[in-house]
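# Descriptive structure summary
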Amino acid sequence: MTAPIELTVYPDECDAFGHLNQASYLALFERARWELLARGPGMDVFTKAGVWPAVRRATVEYFAGAWPGDVLRFELEVAHRGRTSFTLRQRATRARDDQLVATLECLFVCIDASERPVPVPDAVVAAIGGPVRRVALATGAHLAVEERGRGEVPLLFVHGYPFDHTIWRAQLDAIDGHRLVAPDLRGFGASDPPSDGTTIATYADDLVALLDALDVREAVVCGLSMGGYVALDLARRHRERLRGLVLIDTRAEADSAEGRAGRDAAIATARTAGADAIAEAMGAKLFADGVDAAARDGVLAMMRRAPVAGIVAALGAMRDRADASALLPTLGDLPTLVMTGTEDRLVPPDAARRLAAAIPGAELIEVEGAGHLPPVERPATTTEALRHFLARVV
Ligand code: MLT
């Protein structure tokens, strides 16, 4: 969060009912953003970098009223930073009683003079801040990484498809006393676009290169769904880099013929109808009934932001992945925690039960009331399980 900007409500911003009109909020949120730029890097930070931030989507929510003379306090945080886009989240509270009045979530795409999306310039990245940095790998690619805490053996979070590292937001905010490393896989978030012919091994090799770049010899690897496929590939080919393994809502088996056909259909959908269509189709099956609406909406927004190239590359990688079942009995010396949402409809709990039964000594935790995404749907339970596991293996 930035330091608050205070703005006074003027009578001409209010409507016939006497209160700040809903349409005026957008203008006030914008004025607060300009104030921030004016006090920080300068209002010309975008034009100097040769880009313009075009608003792609703006969502305002209203919670209470404001009247002429009310002072509103505006705070801003970076909710996401992608390669060519970023999302700002703003809150307005009434100064006199600290009442939250409205929030705005605004997705910006950086465009050039011909209105083509271009990477968010470094000067702008520095200006909008955020805890994410791009790490250069020996391969020449860059991965965006959010890091927290300190420690010799970090917990390396590997997100699923089609998400980014912010799927681990609750855990990043809550686990202290350990070093946490949460990258965006190539093709997602603020990492480089995918390479041609991406495979699950490509993602795994990127992560080994990331550990090298961060000077980390061993990590506890925690993979969610597709991230679990990557984690199993790391366990197969880079066992010496793993201190422990956490597999969440994932499976060892390869896709069936029907599953592979489904991947091809999804690739066609992504190419013709974009990330929105993928988010809509997958969103319908992701969550347990009764999921918190804000958590659900955050994940859907994350999926809609996913670059089509990243979606297509990941679908191809998952379609062509090898069966890892034969690896499992060989992992007896690797402390392993398997977790599953009891209401996961995408990777049903039986897959996790099979994983845990096949890995000697593996612990299984079934998270009641969670669907495919326990870290988001049951954040406290997931965080607690990870804390215990880390205490045991690090
Ligand atoms: C994921 O969440 O990563 C995907 O659901 C995995 C898959 O489709 O196999």
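Here's what I pulled together on the structure shown here. Since this is a predicted model, take the numbers as computed values, not measurements.

## Remarks on the pairing of strand S3 (residues 71-81)
Here four bridges tie strand S1 (residues 5-8) to S3, and the two strands are oriented antiparallel to one another. Counted as the bridge partner of Leu7 is Leu72 from S3. Where S3 and strand S4 (residues 85-94) come together, nine bridges link them in antiparallel fashion. Each bridged residue has a counterpart across the sheet, and for Glu77 the counterpart in S4 is Arg89. Counting the residues that bridge the hairpin from S3 to S4 gives three residues.

## Description of the site of the ligand
The ligand sits among Gly160, Tyr161, Phe163, Ser225, Met226, Tyr229, Arg263, Met282, Met318 and His372. Within the backbone of Tyr161, an N or O atom sits 2.8 Å from an oxygen atom of the ligand. Between an oxygen atom of the ligand and a side-chain N or O atom of Arg263, the distance comes to 2.8 Å. Compared with its free state, where it exposes 270 Å², the ligand has 92% of that area covered by protein. Listing elements by their share of the shell around the ligand, those giving two or more residues are helix H6 (226-237) and helix H7 (257-286). In terms of residue class, the shell around the ligand is built from six nonpolar, three polar and one charged.

## Focus: the packing of aromatic side chains
Taken as a whole and judged by the stated rule, the model has five aromatic pairs. Members of the aromatic cluster, each reached through a chain of ring pairs, are Phe46, Phe86 and Phe108. The lysine or arginine in question, Arg321, covers the ring of Tyr229, its NZ or CZ lying 3.8 Å from the ring centre.

## What about the side chain of Thr198?
On the secondary structure map, Thr198 appears in the loop between strand S9 (180-183) and helix H5 (200-213). A polar contact is formed between the side chain of Thr198 and the backbone oxygen of Ser195, at a distance of 2.7 Å. Every residue in contact with Thr198, bar those within four places of it in the chain, is listed here: Tyr203, Ala313 and Ala317.

Thresholds applied
Residues numbered from 1 in each chain as written. Predicted model: local features only at pLDDT ≥ 70, side-chain atom pairs only at ≥ 80, totals over all residues. Heavy atoms only, no water. Pairing = 2+ DSSP bridges. Helix = DSSP H or I, 4+ residues; strand = E, 2+ residues; numbered from the N terminus. Near = heavy atom within 4 Å. Polar contact = N/O pair within 3.5 Å; in protein donor to acceptor, adjacent residues only side chain to side chain. Areas by Shrake-Rupley, 256 points an atom, 1.4 Å probe, with all protein chains shown as cover. Nonpolar A, V, L, I, M, F, W, Y, C, P; charged D, E, K, R; others polar. Phe/Tyr/Trp six-rings, centres within 6.5 Å; stacked < 30°, edge-to-face > 60°. Lys NZ or Arg CZ within 6 Å of the ring centre and 35° of its normal. Contact = heavy atoms within 4.5 Å.

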